[in-house]
Amino acid sequence: DRHQLILAGISPLKRDRWELADIDRVTSVFDHLLEAESIDRRRVILHGAYGSVSITLQIALARRADVRGLIIVGPTPLPFSPMNPAEKLALVIVEPGTNQSTRKGRLTWESAGYPVIRSSTSAGSYPVSEEIDRMGRWSRLLAILH
């Protein structure tokens, strides 16, 4: 309530991995939230952690007009394309420990023109309440900048 955020957590159908069939489920939930809730479209953020990062990026690419930000925790894949100034996309990349692949991924996103905020967490831990506060503040900033 404090940050006016709706956090929707979706698990894969198969417990141990994400598959293409999961994209339809996630997209359905995404569409339902956009239609059923009063959402500031300038504050729509997708979040992927570890095994769900690639599916999060696939959905962001498919729904580029609807997504303003990405929060990625864990290994960071390369950007899908250079940033288009007409379709702004900002990122928060949470780097676990000293993971060099995450650092290289972040630098690649930055060199492709995306605004990136770097955060960190201990390896194996997952940010909870303080990160949710940061997400709320960041989403408000996105609304101002877009």
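Residues numbered from 1 in each chain as written. Predicted model: local features only at pLDDT ≥ 70, side-chain atom pairs only at ≥ 80, totals over all residues. Heavy atoms only, no water.

1. Digging into the overall build of the protein
Reasoning step 1: Scanning the protein from terminus to terminus reveals 4 helices and 4 strands.
Reasoning step 2: Going residue by residue from the N terminus, the α and β elements of the protein occur as α-β-α-β-β-α-β-α.
Reasoning step 3: A buried classification covers 39% of the 146 residues belonging to the protein.
Reasoning step 4: When contacts within the protein are restricted to residue pairs at least 6 apart in sequence, those whose partners lie at least 24 apart make up 62%.
Reasoning step 5: Of the roughly 8,500 Å² of accessible surface on the protein, a fraction of 53% belongs to carbon and sulfur atoms. (Helix = DSSP H or I, 4+ residues; strand = E, 2+ residues; numbered from the N terminus. Buried < 20%, exposed > 50% of the residue type's maximum accessible area, 1.4 Å probe, protein only. Contact = heavy atoms within 4.5 Å. Areas by Shrake-Rupley, 256 points an atom, 1.4 Å probe, with all protein chains shown as cover.)

2. Some points on the environment of Leu-61
Reasoning step 1: Among the structural elements, Leu-61 can be located in helix α2 (residues 53-62).
Reasoning step 2: Judged by its relative accessible area of 48%, Leu-61 is partly exposed.

3. A closer look at the pairing of strand β1 (residues 45-49)
Reasoning step 1: Here β1 pairs with strand β2 (residues 69-73) via 5 bridges, running parallel. Its bridge partner being in β2, His-47 is matched across the sheet by Ile-71.
Reasoning step 2: Tracing the backbone out of β1, into α2 and back to the parallel element β2 gives a crossover that is right-handed. (Pairing = 2+ DSSP bridges. Right-handed = clockwise from strand over helix to strand, strands pointing away.)

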